[in-house]
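Here is what each chain is made of, one letter per residue.
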Amino acid sequence: MNKLGVHALVWTADWDRNGAAMAIGKSAELGFDLIEMPALDPGAIDTDHTRRCLDEAGIGITMSLGLDAETDISSGDPGKVKRGEERLTLALTVARDVGATHVCGILYSALQKYFEPPKPSGVSEAIDVLSRICEEAAKSSITLGLEVVNRYETNVLNTAAQAVEMCKRIDAPNAKIHLDTYHMHIEEAGQAEAIRQAGDHLGYFHIGESHRGYLGTGSVDFESAFRTLVSIGYDGPITFESFSSVVTGQPLTGILAIWRNLWDEGEDLARHALEYTRAGMESAHEARAIRSGFDFGEVV
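Not measured: the values here are computed from a predicted model. (Residues numbered from 1 in each chain as written. Predicted model: local features only at pLDDT ≥ 70, side-chain atom pairs only at ≥ 80, totals over all residues. Heavy atoms only, no water.)

A. The state of the cysteines, seen in detail. For the coordinates displayed, the defined rule picks out zero disulfides. Looking at the unpaired C104, the closest cysteine sulfur is the one in C167, lying at 11 Å. The closest cysteine sulfur to the non-disulfide-bonded C167 is located on C134, 8.1 Å from its own sulfur. Under the relative-accessibility criterion, C167 is labelled buried at 3%. (Disulfide = S-S within 2.5 Å. Buried < 20%, exposed > 50% of the residue type's maximum accessible area, 1.4 Å probe, protein only.)

B. Fine view of unusual backbone geometry. With omega at 10 degrees, the peptide bond leading from Q250 into P251 counts as cis. Within the secondary structure, P251 is located in the loop between β8 (238–240) and α9 (252–255). A positive phi is found at D171, a non-glycine position, where the angle reads about 55 degrees. If you trace the backbone, D171 turns up in the loop between α5 (160–170) and β6 (175–180). Take D171: its relative accessible area is 66%, and that puts it in the exposed class. (Helix = DSSP H or I, 4+ residues; strand = E, 2+ residues; numbered from the N terminus.)

C. Structural detail: the packing of aromatic side chains. As enumerated under the stated definition, the model contains three aromatic pairs in all. Plain terms: the ring middles of F222 and F226 are 6.2 Å apart, the flat faces sit at 25 degrees to each other, and that makes the pair stacked. Of this pair, F222 and F226 both sit in helix α8 (residues 222–231), separated by four residues, roughly a single helical turn. Assigned by exposure class, F222 and F226 land together as buried. Through a chain of ring-to-ring contacts, three or more aromatic side chains come together here, namely F222, F226 and Y276. Residue placement shows R212 over the ring face of Y182; its charged tip is 3.6 Å from the ring centre. (Phe/Tyr/Trp six-rings, centres within 6.5 Å; stacked < 30°, edge-to-face > 60°. Lys NZ or Arg CZ within 6 Å of the ring centre and 35° of its normal.)

Interpretation in functional terms is not warranted from these geometric data alone.
Written as structure tokens, this is what we have:
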């Protein structure tokens, strides 16, 4: 079965000692298998304390981040590219030290709205950097997840098809696609088609509602997503992500345009998400078993 996780921004915006302990403890208490730690500033993370909290709670961890304008490896600016590679290398060191299995997010550009399409030369340079980062990540058995996000958060990867092409160009076994139901709902013709396009390249999966609130209260077709994940044999993490300005604060509130809050208290939200995802995946597995049984009967 897939390991189920929750993004730490459901609990806290501050990954300091108190924030980390609270977020890890709450996630474990509810029954999540892992927590996703935001690392916009990897150097500020107390890795020893985080590792102790994880060991005490008995859950795993993944890590996510987005580059910024000054570390944009797709920019074509040598200084920014250098700083971006340094930021990603530092993130890998932190991920290794806390025992993270995945480093995901917008690793190939800045997390921002762009006002022109990417230059092919800039994308090629980003791929060169990511090839080196994948090689370094492999030394610690870390998977990179290239998150496909909407057009207002990057100009590089907006669809699964684009991400497949980038993974092929990186050509590393630990370069994987990170899909997100929230972003797919905006950009893809259909979630099922996008998941199938990702196929064996899919390595990480975010589940989030169309309005970033409680699962099942928006317009995302989660049943289709769950059934397609099962049909392609996806066995990686499925992590719930939701944002409220009650927690996030700036600059993320502005970057992610969180202008209205769909929740004020994370515990009930996270509990509901865990139950919803478990039920949805169990139903998808049962449906596949029934279909397989019918197929077998027809063959006989």
